[in-house]
Amino acid sequence: MSGGDRVVLDFLQLQTACRFVGSGADMDRRNRAASLVDSSACFCRVDRSSAAAAARRIPVSKACVQPSLRASIHPLKPRPSTGADRSSRGGQCPLLPGLPDDLAIACLIRVPRADHWKLRLVCRKWCRLLAGNYFYGLRRRLGLAEQWLYAVKRDGRDGRVSWDVLDPSRGAWRALPPVPREYAEADGFGCAVLGGCHLYLLGGRDPRRGGGAMRRVVFYSARSNRWHRAPDMLRRRQCFDVCVMGNRLYVAGGESGGGGGGGGLRSAEVFDPAKNRWCFVAEMAAPMAPFVSAVHGGRWYVKGIGAQQQQVLSQAYSPEADAWSVVLDGMVNGWRSPSACVDGRLYAADCKDGCRLRAYDEAADAWTTCVDSKQHRGSSQAAEAAAIVSLHGRLCVVRNDMSVSAVDVAAGAGNQRWQTLAGKARTKSFVTGLLSNLAGRSRAKNNILHCQVLEA
């Protein structure tokens, strides 16, 4: 037998082995064929010169065809995956092995918010999922989003600014990492929430930089659990007021100088997160330093001290008309305590002696007491209401002693019962408190500056 015929015979045997492997023959033939065929590249185990000679003697239709074997069954060596390979296989590894990603997300969105930080530590894919809008947007649509209460406060001893968070389901405050360093000792800054999950800190006075007013804006994302920079305001401000209307951030009034002796401001600005920029709106009717404000009926009501520090002014801003107007109705008369709007009705808290909620009656143009509590009797500063917020449809009164009481104002008369979400903070032991009182430091109490609700 000549050399060429021997090559042809060997090639025919290899072709028969490949056909046995593809057709599912018995195990012996599979093993014999697998030992002869390289399934990764499908090159017959003959030298190149012999294969070329065989190709000249065999018709093209009978050439060796690649067997239908998966590359993972008999690999010669691992081949690094490329971006094209991953895209052809439908992406990266699944969120949960053995489950489609939609079912995995349906499981992950039901994990309590207090454990979300653990989910971020599992892998990068889970971390990206929890930092995106889709995950928390789905939790909100399904009614699984949780609202937590954040309190920005100033320490009575060293004057530093810190913040705590309250999980209503656990009923205890938890200290958070420090705020950005430019706000660690700041004063007169604003605070607001955009999108339900972004906490903004704006302007204020930084004593480390000469005590001048700032234009700086930073925000904390409850989804990524990080602080970020935002575009600076157009004017330097301190002791101003801020509100949110139509998912836009409005600031107005305040002072531009340092040390509280700066001139009053009439200018007002609005921040649009969709455009990520600030722009001026209509100026106020008169410069003022607001001390209380509320959004009610599509208007922004502001009450504060005039530029001459001798008169109390009340103004209202309408975003539709982009105009300010002086307000002299019964709403601003006697209105000097924190307030919040629930279901279109405006409520104000008066907790100097007990805790009473007053509601504004538009028909009578007057404030009326709607809920009265016999708790927290006394006129101490710690028992005063520092803020009033809406939490899961209930009004929550937050005091400087870090106690929180909630009431359902939508319940009928006689069914409105107060519930204590968090008791008085006990940061000192009995011995430490006694020594502080003897040393004359009993008045060094924490002062809550802002309270906001973030949903995630």
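Everything that follows concerns the structure shown earlier in this document.
This section reports on the structure supplied with the text. Fair warning: this is a prediction, and the values are worked out from it, not measured in the lab.

With that settled, the discussion passes to the sheet that holds strand 13 (residues 299-306). Here we have four strands laid out as an open sheet, ordered 12-13-14-15, and antiparallel in their pairing. Each end of this open sheet is capped by a strand with a single partner; those strands are strand 12 (288-296) and strand 15 (323-326). Neighbouring strand axes in the sheet, compared pairwise and without regard to direction, differ in orientation by 25 degrees on average. Pairing analysis gives six bridges linking strand 13 to strand 14 (residues 312-318), with the strands arranged antiparallel. Within strand 14, the position partnered with G304 by the bridge is L313.

Now for the pattern of salt bridges. Applying the stated rule across the entire model yields 15 salt bridges. In this structure, the salt-bridge partner of E185 is R160, at a minimum N-O distance of 3.2 Å. Taken as a pair, E185 in the loop between strand 3 (172-175) and strand 4 (190-194) and R160 in the loop between strand 1 (147-154) and strand 2 (161-167) lie far apart in primary sequence, 25 residues in all. Residue E185 is classed as partly exposed on the basis of its relative accessible area of 32%. Judged by relative accessible area, which is 38%, R160 ranks as partly exposed.

Attention now moves to the pairing of strand 22 (residues 404-407). Of the two faces of strand 22, the one carrying V404 and A406 and the one carrying S405 and V407 are both buried. Where strand 21 (residues 394-399) lies against strand 22, four bridges are found, and the strand directions are antiparallel. Along strand 22, the bridge assignment pairs V397 with S405. Where strand 21 folds back on strand 22, the antiparallel hairpin that results is connected by four residues, among which M402 adopts a positive phi of roughly 70 degrees. As defined by bridge partners, strand 22 adjoins strand 23 (residues 418-422) across four bridges and the pair is classed as antiparallel. Across the sheet, the residue bridging to V404 is A422, located in strand 23.

With that out of the way, let us pick up the sheet that holds strand 1. Read across the sheet, four strands follow the order 3-2-1-24 without closing on themselves; strand pairing throughout is antiparallel. Of all the strands in the sheet, just strand 3 and strand 24 (447-455) have a single pairing partner and so form its edges. Here the average twist between neighbouring strands, direction ignored, is 30 degrees. Sheet topology note: the strand 1/strand 24 ladder contains eight bridges and is antiparallel. Looking at strand 24, one finds that R154 is bridged to N447.

For helix 7 (residues 124-131), the full list of buried residues reads W126, L129 and L130. The arc that holds every buried residue of helix 7, seen down its axis, measures 90 degrees, which confines them to one face. Elements in contact with the buried residues of helix 7: helix 5 (101-108), helix 6 (116-120) and helix 8 (133-141).

Per the stated rule, a full pass over the model turns up 14 aromatic pairs. Seen from their ring centres, Y183 and F189 are 5.4 Å apart, and the 75 degrees between their planes marks the pair as edge-to-face. Across the pair, exposure class does not vary: Y183 and F189 are buried alike. Among the aromatic residues, ring-to-ring pairing joins Y150, W163, Y220 and W227 into one connected group. Taking NZ or CZ as reference, R113 lies 4.3 Å from the ring centre of W148, over its face.

Calculation notes
Every residue gets a number counted from 1 within its own chain, in the order that chain's sequence is written. The model is predicted, so local features are restricted to residues of pLDDT at least 70 and side-chain atom pairs to those at 80 or more, both for listing and for counting; the totals for chains, interfaces and linings are taken over all residues. Computation of side-chain values covers all heavy atoms of the structure but excludes hydrogens and water. Pairing between two strands is assigned when DSSP locates at least 2 bridges connecting them. Secondary structure counts use DSSP, requiring at least four H or I residues in a row for a helix and at least two E residues in a row for a strand, with both numbered from the N terminus. Whenever a helix is involved, its axis is fitted only over the stretch in contact; in every case the axis is a line through C-alpha atoms, and angles between N-to-C directions fall within 0 to 180 degrees. The term salt bridge refers to a side-chain nitrogen of Lys or Arg lying within 4 Å of a carboxyl oxygen of Asp or Glu. For every residue, the accessible area (1.4 Å probe, protein chains only) is compared with the maximum for its type, and the residue is labelled buried under 20%, exposed over 50%, or partly exposed between those bounds. The arc in question is the one spanned by the directions pointing from the helix axis to the C-beta atoms. Throughout, a residue-residue contact means that at least one pair of heavy atoms, one from each residue, lies within 4.5 Å. Only rings of Phe, Tyr and Trp enter the pairing, Trp through its six-membered ring, and a pair is recorded when the two centres are within 6.5 Å. The plane angle decides the type: under 30 degrees is stacked, over 60 is edge-to-face, the rest tilted. Consider the ring centre and the ring normal. A charge sits over the ring if Lys NZ or Arg CZ is within 6 Å of that centre and within 35 degrees of that normal.

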